[in-house]
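Descriptive analysis of the structure
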Amino acid sequence: MNSVKIIIAGPRGRMGSEAVKMVTNTEHFELVAVVDHKHDGHMLSDIDGFHSIKNVPIYATIEKTLQSVECDVLIDLTTPEVGMHHARTALQYNVRPVVGTTGFTKADLEELDRICQEKKLGCIIAPNFALGAVLMMKFSQMAAKYFNDIEIIELHHDQKLDAPSGTAVKTAEMMAAVREFKEQGHPDEKETINGARGAEFNGMHIHSVRLPGLVAHQQVLFGSDGQTLSIRHDSYNRASFMSGVKIAVETVMKQDIFVYGLENILE
Ligand SMILES: NC(=O)C1=CN([C@@H]2O[C@H](COP(=O)(O)OP(=O)(O)OC[C@H]3O[C@@H](n4cnc5c(N)ncnc54)[C@H](O)[C@@H]3O)[C@@H](O)[C@H]2O)C=CC1
Ligand SMILES: O=C(O)C1=N[C@H](C(=O)O)C[C@H](O)C1
């Protein structure tokens, strides 16, 4: 198999640095450059934590990166606005995006889908790359067919910028697709403190917890007469996401469509 030439945006981040490790430790992957707005013109080996990774240039922008190196796949782990710009630009240069960055809007997803159709190129946007989290979402979707009383609690480290998490939104979307609609809670309920009932998505409520010590966790609670069902997933480190990133990179190379959610590519 020819090696897949990869660029990573956000290499110094919590996820990006783990992705650098995964890519450089994978025999059929080659890290050809990274995008880092703060270290233009340096080499990755100049940066603390990456001294052993030789011959990987850093460019400040996605445009400069794509004009300077030949590559097949962009892995983006940045912020929503930056990630959307990176994904759109990569596709314009015929490079396939694998995006873990969360917080993309519906309009963003539709735009990327449109570009993929025009260019006949693959692109994978995955709000959660942990295989256990994907199963938690699938199991929740199965349960939502039978239990339409649902509350979602997502718990993350306190450096997270977006709320609710991309995983919680995706889980709610997957459940809404099969759940008989219901406005959760008492019809006359009133919040005495704003936000007490969490964010509302299609009648379901999402509660976002932020604490140091946490990594990424989600519990979906189902209730019915005399019983509850809890489906929970916990990521205790960022390595938990990397087998999913690897599968996404391998799969996107064989695809010419837009995919939103890792569950759509797992057999
Ligand atoms: N899909 C998944 O499985 C997972 C997704 N995430 C998502 O990934 C994203 C990153 O998360 P973390 O690594 O925890 O955040 P982080 O804050 O540790 O890393 C983000 C990195 O992006 C960099 N960055 C910002 N603007 C940039 C630009 N213009 N060019 C290049 N780099 C830029 C920052 O310097 C930073 O190093 C978030 O959206 C988070 O929700 C996080 C964990 C798992
Ligand atoms: O920011 C994080 O850490 C995570 N973000 C993703 C999300 O928003 O769902 C995935 C995972 O939960 C970790």
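Predicted, not measured: the structure shown is a model, and the values here were computed from it.

What follows covers the environment of Glu-189. By the secondary structure assignment, Glu-189 is in the loop between α6 (166-176) and β8 (199-201). As a C-alpha pair, Glu-189 and Ser-243 span 54 residues in sequence and 43 Å in three-dimensional space. In this structure, Glu-189 is in contact with Gln-184, Arg-197 and His-205, ignoring residues within four places of it in sequence. One polar contact links Glu-189 to Arg-197, side chain to side chain, over a distance of 3.0 Å.

What follows is about the pairing of strand β5 (residues 96-99). Taking every second residue as pointing to the same face, both faces of β5 are buried, with Arg-96 and Val-98 on one and Pro-97 and Val-99 on the other. Bridge count between strand β4 (residues 73-76) and β5: 4 bridges; the pairing is parallel. Residue pairing across strands places Ile-75 opposite Val-98, the latter belonging to β5. In the sheet, β5 pairs with strand β6 (residues 123-125) via 2 bridges, with the strands oriented parallel. Bridged to Val-99 within β6 is Ile-125. Handedness of the crossover is the feature at issue here: the chain leaves β5, passes through helix α4 (residues 106-119), returns alongside β6, and the resulting connection is right-handed.

Residues of helix α1 (residues 14-24) that are buried: Met-15, Gly-16, Glu-18, Ala-19, Val-20, Met-22 and Val-23. Turning to α1, the residues buried within the fold contact β1 (4-9), β2 (29-35), β4 and α7 (242-252).

Per the UniProt record, "binding site: NADP(+)" (unreviewed entry) is found at Lys-38. Looking at the element boundaries, Lys-38 is found in the loop between β2 and β3 (58-59). Its relative accessible area of 61% is what places Lys-38 among the exposed residues.

Glancing now at the packing of aromatic side chains. Inspection of the entire model under this criterion finds 1 aromatic pair. Here the basic side chain of Lys-170 rests over the ring of Tyr-260, its NZ or CZ set 4.6 Å away from the ring centre.

The next point concerns the nonpolar core. A general tendency of soluble globular proteins is for nonpolar side chains to be buried together. If you look at the biggest cluster of nonpolar residues, it comprises 54 residues, and the most contacted ones within it are Ile-6, Ile-8, Leu-44, Ile-75, Phe-129, Phe-222 and Val-249. No other element matches the 6 residues that helix α5 (residues 131-144) contributes to this core.

With that out of the way, let us pick up the site of ligand 2. The full set of residues close to ligand 2 is Thr-102, Pro-127, Asn-128, His-156, His-157, Lys-160, Asp-162, Ser-165, Gly-166, Thr-167, Ala-216 and Phe-241. Take Gly-166: an N or O atom from its main chain is 2.8 Å from an oxygen atom of ligand 2. With respect to ligand 2, the side chain of Thr-167 contributes an N or O atom lying 2.4 Å from an oxygen atom. Contact with the protein chains hides 85% of the accessible area of ligand 2, taken as 320 Å² for the molecule alone. A breakdown of the residues in the shell around ligand 2 according to their chemical character gives 3 nonpolar, 7 polar and 2 charged.

The rules we used
- Residues numbered from 1 in each chain as written.
- Chains lettered and ligands numbered in written order.
- Predicted model: local features only at pLDDT ≥ 70, side-chain atom pairs only at ≥ 80, totals over all residues.
- Heavy atoms only, no water.
- Helix = DSSP H or I, 4+ residues; strand = E, 2+ residues; numbered from the N terminus.
- Contact = heavy atoms within 4.5 Å.
- Polar contact = N/O pair within 3.5 Å; in protein donor to acceptor, adjacent residues only side chain to side chain.
- Buried < 20%, exposed > 50% of the residue type's maximum accessible area, 1.4 Å probe, protein only.
- Pairing = 2+ DSSP bridges.
- Right-handed = clockwise from strand over helix to strand, strands pointing away.
- UniProt positions renumbered as here; feature names shortened; annotations may be inferred.
- Phe/Tyr/Trp six-rings, centres within 6.5 Å; stacked < 30°, edge-to-face > 60°.
- Lys NZ or Arg CZ within 6 Å of the ring centre and 35° of its normal.
- Core = buried A, V, L, I, M, F, W, Y, C linked by side-chain atoms within 4.5 Å.
- Near = heavy atom within 4 Å.
- Areas by Shrake-Rupley, 256 points an atom, 1.4 Å probe, with all protein chains shown as cover.
- Nonpolar A, V, L, I, M, F, W, Y, C, P; charged D, E, K, R; others polar.

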